[in-house]
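One-letter residues, chain by chain:
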Amino acid sequence: MTTTLGLLQGTLEFLILRTLTWGPMHGFAVARWIQTITDDALEIEEGALYPALHRMERRGWIAAEWGTTENNRRAKYYELTRQGRQQLRQEEHTWKRYVAAVSKIMAASRS
């Protein structure tokens, strides 16, 4: 039985930016990639995904263009902008510091 994990606040945008480094994707493909790469541990709900994509587009981190999916459906394809790549670098730095700090706490033993 697989249990999906909840996302920490602010995580979704980072995950989307990181996912789009693999190339332009439509929203469903972004969610599917995250779910697949995390072995179903993270499942992104549409109600969170699309508002995040629109917010990121307004901020200039991603650009969108209409295209056709592999199933011949019309969909918006998102890709990173230069500003989005810069934001991703900043967020990666922050996440690495966060993970290192939490790892230290998890590794600490009581004397």
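Residues numbered from 1 in each chain as written. Predicted model: local features only at pLDDT ≥ 70, side-chain atom pairs only at ≥ 80, totals over all residues. Heavy atoms only, no water.

Q: Can you walk me through the overall build of the protein in this structure?
A: When you go through the protein residue by residue, the secondary structure sums to four helices and three strands. Listed N to C, the secondary structure of the protein is α-β-α-α-β-β-α in terms of helices and strands. Its C-alpha atoms give the protein principal-axis dimensions of roughly 60 × 35 × 20 Å. Each of the 111 residues in the protein was classed as buried or not, and the buried ones make up 33%. Restricting to contacts in the protein with at least 6 residues of sequence separation, those with at least 24 account for 55%. About 8,100 Å² of surface is accessible on the protein, with carbon and sulfur atoms providing 51% of the total. In the protein, 15 side chains carry a positive charge and 12 a negative one; their mean positions are 8 Å apart. (Helix = DSSP H or I, 4+ residues; strand = E, 2+ residues; numbered from the N terminus. Buried < 20%, exposed > 50% of the residue type's maximum accessible area, 1.4 Å probe, protein only. Contact = heavy atoms within 4.5 Å. Areas by Shrake-Rupley, 256 points an atom, 1.4 Å probe, with all protein chains shown as cover. Lys, Arg positive; Asp, Glu negative; His and termini not counted. Charge placed at Lys NZ, Arg CZ, Asp CG, Glu CD.)

Q: It is not clear to me how unusual backbone geometry should be interpreted in this structure. Could you clarify?
A: The phi angle of most residues is negative, glycine excepted, and most peptide bonds adopt the trans form. In the Ramachandran plot, Asp39 falls in the positive-phi region, its phi being about 50° despite a non-glycine side chain. Assignment of secondary structure puts Asp39 in the loop between α2 (27-37) and α3 (46-59). Even without a glycine there, the phi angle at Asp40 is positive, about 70°.

Q: It is not clear to me how the nonpolar core should be interpreted in this structure. Could you clarify?
A: Grouped burial of nonpolar side chains is what soluble globular proteins tend to show. Judged by nonpolar contacts, the single largest core of 22 residues is most densely connected at Ile16, Leu17, Leu20, Val30, Leu49 and Ile62. Every element with two or more residues in this core is listed here: α1 (11-19), α2, α3 and β3 (74-80). The biggest single contributor to this core is α1, with five residues. (Core = buried A, V, L, I, M, F, W, Y, C linked by side-chain atoms within 4.5 Å.)

Q: Explanation requested: the sheet that holds strand β1 (residues 25-26) in the structure shown.
A: Strand pairing in a sheet takes place through backbone hydrogen bonds and is either antiparallel or parallel in direction. If you walk across this open sheet you meet the three strands as β1-β3-β2, and the pairing is antiparallel. Both edges of this open sheet fall to β1 and β2 (62-68), since each of them pairs with a single strand only. Here β1 runs beside β3; their pairing, made up of two bridges, is antiparallel. The partner of Met25 across the bridge, within β3, is Tyr78. (Pairing = 2+ DSSP bridges.)

Q: Just to check I follow, could you spell out the packing of aromatic side chains for this structure?
A: When we look at a pair of aromatic rings, we describe it by the centre distance and by the angle of the planes. Per the counting criterion, the structure on display carries three aromatic pairs. Between Phe14 and Trp95, the aromatic rings sit 5.8 Å apart at their centres with planes inclined by 20°, giving stacked as the arrangement. Highlighted residues: Phe14 in helix α1 and Trp95 in helix α4 (residues 82-107), separated in sequence by 81 residues. A relative accessible area of 13% places Phe14 in the buried class. Ring centres of Trp22 and Trp33 lie 5.8 Å apart, and the angle between their planes is 45°; this geometry places the pair in the tilted category. One end of the pair, Trp22, is in the loop between α1 and β1; the other, Trp33, is in helix α2, with eleven residues separating them in the sequence. Note on Trp22: relative accessible area 60%, which makes it exposed. We classify Trp33 as partly exposed; its relative accessible area is 25%. (Phe/Tyr/Trp six-rings, centres within 6.5 Å; stacked < 30°, edge-to-face > 60°.)

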